[in-house]
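Overview (structure and organization)
Residues per chain are reported as follows:
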Amino acid sequence: MSVSGLHLTAIGHGTLLLEPSFSLDIGSGGTALEEIIRRLQRVSATRLYYDLAELAIIEPLYYNWLNALGRACRTVNVRMICIHMQPTAAFALSRYMEQMPAFETALDVDEWNRETR
Amino acid sequence: MVKKHSKFSSRLIDLLKTQIGNITGAIEREGRTLFGGSNNLMSADEISDFSIEFFQLLLALLESKDPLDDASPQFHALEMFFNNLSHQILVRGGRVEDLVRFNQFMQRAMIDALESDQQEDSGQKTTAQDFDELKTILLFLSSTFNELNLAVFQAYLEEKESTIHAQEAELRETATPITEIWDGVLTLPIIGTLDSSRTMLIMEALLNRIAQDRATAVVMDLTGVKNIDSQVSHHLIQMMRAVQLMGAEAILTGIRPEIARALTSLNIDLGNVTTRASLSDGLKEAFRRMGIQVSHKAV
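The subject of this paragraph is the sheet that holds strand 2 (residues 15-18) of chain A. Residues and elements named next belong to chain A. Taken in spatial order, the 5 strands make up an open sheet running 1-2-3-4-5, and their pairing is mixed. Of all strands in the sheet, those with a lone pairing partner are strand 1 (8-12) and strand 5 (104-106), marking the two edges. Averaged over all neighbouring strand pairs, the angle between strand axes comes to 30°, with direction disregarded. Relative to strand 4 (residues 79-83), strand 3 (residues 47-51) runs parallel, the two being bridged by 5 bridges. Paired with Y49 across the two strands is I81, which belongs to strand 4. On top of the sheet, helix 2 (residues 60-75) reaches strand 3 and strand 4; it is set at about 150° to strand 4, its chief contact.

On to the interface of chain B and chain A, then. With 16 residues of chain B at the contact, the number on the chain A side is 15 residues. Residues of the side of chain B that touches chain A, tallied by class, amount to 7 nonpolar, 6 polar and 3 charged.

So, on to the confidence of the model for chain A. Model confidence for chain A is summarised by a mean pLDDT of 87, while 97% of its residues fall at 70 or above. Averaged over each element, pLDDT in chain A is lowest for helix 4 (residues 109-116) of chain A (78) and highest for strand 3 of chain A (95).

Residue and element names in this part refer to chain B. Here 5 strands make up an open sheet; going across it, the order is 1-2-3-4-5 and the pairing mixed. Among the strands making up the open sheet, the edge pair consists of strand 1 (179-182) and strand 5 (274-276). Direction aside, neighbouring strands of the sheet carry axes that sit 30° apart on average. With 6 bridges connecting them, strand 2 (residues 185-191) and strand 3 (residues 217-224) associate as parallel partners. Across the sheet, the residue bridging to V185 is A217, located in strand 3.

Definitions and limits used
Residues numbered from 1 in each chain as written. Chains lettered and ligands numbered in written order. Predicted model: local features only at pLDDT ≥ 70, side-chain atom pairs only at ≥ 80, totals over all residues. Pairing = 2+ DSSP bridges. Helix = DSSP H or I, 4+ residues; strand = E, 2+ residues; numbered from the N terminus. Axes fitted to C-alpha atoms, helices over the stretch in contact; angles between N-to-C directions. Contact = placed C-beta atoms within 7 Å. Nonpolar A, V, L, I, M, F, W, Y, C, P; charged D, E, K, R; others polar. pLDDT = per-residue confidence, 0-100.

What follows is the structure, encoded as structure tokens:
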């Protein structure tokens, strides 16, 4: 099944990179979420990098989507790491965030690998 | 009433036109004394230009429908001319007192010209009508130059305000020095009072620096923060969260006992935040996380 705007690329053993485009429908009743989890399980992934480079602002709806995906990843034993968060997005998000999110964050893939080495 | 105005204004127009050389000459001389020469605030050409421009604007005002109307476009043009002239002189280091003196001198130059014109007609007997006309001219000059003095003071206040704003911006910049103390490690000593607007500025600068320098750790030192309230602590937590969202480690250092007590009484939980006693401990923690070991050289 193909979901519009969902670009998942394997970038190493058990690691996938998700680069969402603007056409990704995050309000599609969990279809996109299910598809991502299915693809992660198909390759026995343990890590998912979510690239936020294209998002200048993360509004509550998108934040809820990221949290839901983060929690879903946890249930299938996958660590979700958001990378390339823009200063404007972090600024806006920190203003309405109540708790720490259900995902991890890193500057980029290399930085996260270096930190966890 | 308008008829009376037009009579007094036509007399002033005649006076200005016949004595243009004397009046502009006197204004230029005074302008050179106050703003030219060693004062170096205006060149001789600039002084000559503004004397002529002032003259033209005053004539335009006198030729307008009602010269006493301070809402007319002609009056506004004269006011703006003085405002701009004042800005120009104040920016170059001139004094507001000199501008006011210059204004008073121009008014006196007009009255002197009027007096010499009156002396020429001294053979004729002064009638009550002449007296009334003179009174109207003097009132016109007095009210016009008072308004122009206000324009000078307005320019002075605007200049002062812009200086204060510039100094505030500079102070903000120097009060939040974000330094890359090691590759990927930023330090931010916060000194003084944290309010909402300052926190937003710090946060914006800090997040941009994290992205620009690809920083992996930020050590925020609160040694210079004397007191904290619930709003400020909320801002601090917000700042730490934003740093973490960018993917960097946030380390809070230099929390004084009174700040720790205040945070506890405000029910602020710093459970998700790494804290260390001093800036030095914070740096050691950042280095440790980055796998960097700093040690004394073996002798």
